[in-house]
Amino acid sequence: MGTSTVKSGEQVDRQKRILDAALELLSRHGISGINMRAVAREAGVALGLVNYYYEDKPSLIRAVLHQIEEHDLLLVEPAPTSTPDEQLRESLRRVADPELLTTPYLSLRLHLWALAQADEDFAQINAAAFDRYLQGLAALIGNAIPGLSPDECRERAADIVVVQNGMWLTTLLGIDKAAIERGIARTEEIAFAPSRHADLR
């Protein structure tokens, strides 16, 4: 392994530690808990290293938002070995993965939503990420139910997201697992419902 490859790996690891630290602080304290010094301390790196990768606090927050976006897009990433029906069902279940239904993660989501409301730049990043997630979910629905129009696929995706967000919020209130299962079942009902326009064809 060449020296440049090792350095590249170290760089990725350091940036990941910095972003993970920022995510952790955001989940615990919200936007007020993030400053470059606190992130450096949480990540266990020098302050100068944080400043090397991220010019200022807004650039660090933007990187955090993009990392969350990448994570969200994985939720609607189709498994190549599954049928279209299975891909859609698997995606709908990923949202209720135990790793997501934790207080720190759900608290992080609440802070990110609040952040998007407070800053226009962050709001645009959040809106673009949300749109890509909707597109991914709508594509899964369209593949599983080929007779649906693109508009109907997107409407169903939007309705499903409302239920998914409700599942996350109610989990913070301590709702039991049975309620989560009912939430998943509801998203499947929305996704696989017969087309409203079937009788017109």
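Preceding block: the structure.
Quick look at the structure, then.

**Describing the overall build of the protein chain**
Along the protein chain, the regular secondary structure elements total 9 helices and 0 strands. For the protein chain, the succession of helices and strands along the chain, N to C, is α-α-α-α-α-α-α-α-α. The principal-axis extents of the C-alpha atoms in the protein chain amount to approximately 65 × 45 × 30 Å. Evaluated residue by residue, the protein chain yields a buried proportion of 40% over its 201 residues. Contacts spanning at least 24 positions in sequence make up 66% of the contacts within the protein chain whose residues lie at least 6 apart. Of the accessible surface of the protein chain, which amounts to about 11,200 Å², a share of 55% is contributed by carbon and sulfur atoms. When the 21 basic and 29 acidic side-chain charges of the protein chain are each reduced to a single mean position, those positions are 4 Å apart.

**Here's the deal with helix α2 (residues 36-43)**
Burial in α2 covers these residues: Met36, Ala38, Val39, Ala40 and Ala43. Taking the backbone nitrogen of Arg37 as reference, a side-chain oxygen 3.1 Å away marks Asn35 as the first, capping residue of α2. Gly44 occupies a position one or two residues after α2 and carries a positive phi of about 75°.

**A word on a nonpolar patch on the surface**
A surface patch of nonpolar side chains, amounting to about 210 Å² of accessible area, comprises Leu110, Leu169 and Leu172. The partly exposed category is assigned to Leu169, whose relative accessible area is 37%.

**Structural notes on helix α5 (residues 84-94)**
Of all the residues in α5, the buried ones are Gln87, Leu88, Ser91 and Leu92. An end-on view of α5 places all buried positions within 130° of arc, on one side of the element. In the core, the buried residues of α5 are packed alongside α4 (57-75), α7 (120-144), α8 (150-172) and α9 (177-192).

**Notes on the packing of aromatic side chains**
Applying the stated rule across the entire model yields 2 aromatic pairs. Members of the aromatic cluster, connected to one another through ring pairs, are Tyr52, Tyr53 and Tyr54. For Arg89, the ring lying beneath its charged end belongs to Phe192, and the centroid distance is 4.1 Å.

**What to know about the packing of α4 against α7**
Following both chains from N to C, one finds α4 and α7 inclined at 10°, their axes separated by 9 Å at the closest point. Overall, the two elements α4 and α7 adopt an arrangement that is roughly parallel. Contacts from Pro58, Ile61, Arg62, Leu65, His66, Glu69, Asp72, Leu73 and Leu75 of α4 reach α7 at Asp121, Phe122, Ile125, Ala129, Arg132 and Tyr133. Broken down by class, the residue content of the contact of α4 with α7 amounts to 9 nonpolar, 1 polar and 5 charged.

**Focus on the pattern of salt bridges**
The final tally for this structure, using the stated rule, is 12 salt bridges. Linked through salt bridges whose partners overlap, the residues forming this network are Glu24, Arg28 and Glu42.

**Digging into the nonpolar core**
Ile18, Leu60, Leu137 and Ile141 are the most contacted members of the largest nonpolar core, which totals 53 residues. Ranked by the residues each element gives to this core, the list is headed by α7, at 9 residues. Once residues lying within four places of it in the same chain are set aside, the contact partners of Leu60 are Ile18, Leu19, Ala22, Ile34, Met36, Val39 and Tyr54.

Reading guide: rules and limits
Residues numbered from 1 in each chain as written. Predicted model: local features only at pLDDT ≥ 70, side-chain atom pairs only at ≥ 80, totals over all residues. Heavy atoms only, no water. Helix = DSSP H or I, 4+ residues; strand = E, 2+ residues; numbered from the N terminus. Buried < 20%, exposed > 50% of the residue type's maximum accessible area, 1.4 Å probe, protein only. Contact = heavy atoms within 4.5 Å. Areas by Shrake-Rupley, 256 points an atom, 1.4 Å probe, with all protein chains shown as cover. Lys, Arg positive; Asp, Glu negative; His and termini not counted. Charge placed at Lys NZ, Arg CZ, Asp CG, Glu CD. Polar contact = N/O pair within 3.5 Å; in protein donor to acceptor, adjacent residues only side chain to side chain. Patch = residues over 30% accessible without salt bridge, like charges linked within 9 Å, V, L, I, M, F, W, Y side chains within 5 Å. Salt bridge = Lys/Arg side-chain N within 4 Å of Asp/Glu carboxyl O. Arc of directions from axis to C-beta. Phe/Tyr/Trp six-rings, centres within 6.5 Å; stacked < 30°, edge-to-face > 60°. Lys NZ or Arg CZ within 6 Å of the ring centre and 35° of its normal. Axes fitted to C-alpha atoms, helices over the stretch in contact; angles between N-to-C directions. Parallel < 35°, antiparallel > 145°, perpendicular 65-115°, else oblique. Nonpolar A, V, L, I, M, F, W, Y, C, P; charged D, E, K, R; others polar. Core = buried A, V, L, I, M, F, W, Y, C linked by side-chain atoms within 4.5 Å.

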